[in-house]
Amino acid sequence: MAEEKTFLIRIITPDRIFYEGPAQMAEFCTTEGEIGVYPGHIPLTVILKPGVLTLTESGGKRRAALHTGFAEILPDRISILAEAAEWPGEIDISRAEAARKRAEERLAAHQADTDLARAETALQRAVARIETLR
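Residues numbered from 1 in each chain as written. Predicted model: local features only at pLDDT ≥ 70, side-chain atom pairs only at ≥ 80, totals over all residues. Heavy atoms only, no water.

## Observations concerning the environment of Val46
In step 1: By the element assignment, Val46 lies in strand S5 (residues 44–48).
In step 2: With a relative accessible area of 13%, Val46 lands in the buried category.
In step 3: Discounting chain neighbours no more than four positions away, the residues touching Val46 are Phe28, Thr30, Gly69, Phe70, Ala71 and Ile73. (Helix = DSSP H or I, 4+ residues; strand = E, 2+ residues; numbered from the N terminus. Buried < 20%, exposed > 50% of the residue type's maximum accessible area, 1.4 Å probe, protein only. Contact = heavy atoms within 4.5 Å.)

Okay, structure coming up:
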């Protein structure tokens, strides 16, 4: 049987090396939409948007909430610099649901002093956390 092709993925946040290891595929959200990356991908640099990261490893799939940052994609590796990343066991669902509700209320209120970009990002982060747990 042929050996599965893999590439190295390294995810770094300000407080830790979140993940470092081989994977067969990585899927995550960018400002241009969702992207799926296999070994041998053309070189590319993208801006991350909050969403679910899915890593396909030899043992199956792993999911994590991945927040804003940058990714450098090369044929043999991906380097991700993220503001934050969380495994499902690190996510407090009650807190994520409360954050989602607060962000939705801020966006719906249409108040002049509301920072809409910040509220939208907060909503995207909360949704990413919730989706990671599903």
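## Notes on the pattern of salt bridges
In step 1: The tally for this structure, following the rule as stated, stands at nine salt bridges.
In step 2: Arg125 is the partner of Glu83 in a salt bridge, and the nearest nitrogen-oxygen pair spans 2.3 Å. Placement of the pair is Glu83 in the loop between strand S9 (77–82) and strand S10 (85–86) and Arg125 in helix H2 (residues 116–133), with a sequence separation of 42 residues.
In step 3: Since its relative accessible area comes to 42%, Glu83 is described here as partly exposed.
In step 4: Judged by its relative accessible area of 24%, Arg125 falls in the partly exposed class.
In step 5: In this structure, Glu104 engages Arg100 in a salt bridge whose closest nitrogen and oxygen atoms are separated by 2.8 Å. On the criterion of helical spacing, the pair formed by Glu104 and Arg100 is a turn pair, its members being four residues apart in helix H1 (residues 93–109).
In step 6: Look at Arg100 and you get partly exposed, because its relative accessible area is 24%.
In step 7: Linked through salt bridges whose partners overlap, the residues forming this network are Glu97, Arg100 and Glu104. (Salt bridge = Lys/Arg side-chain N within 4 Å of Asp/Glu carboxyl O.)

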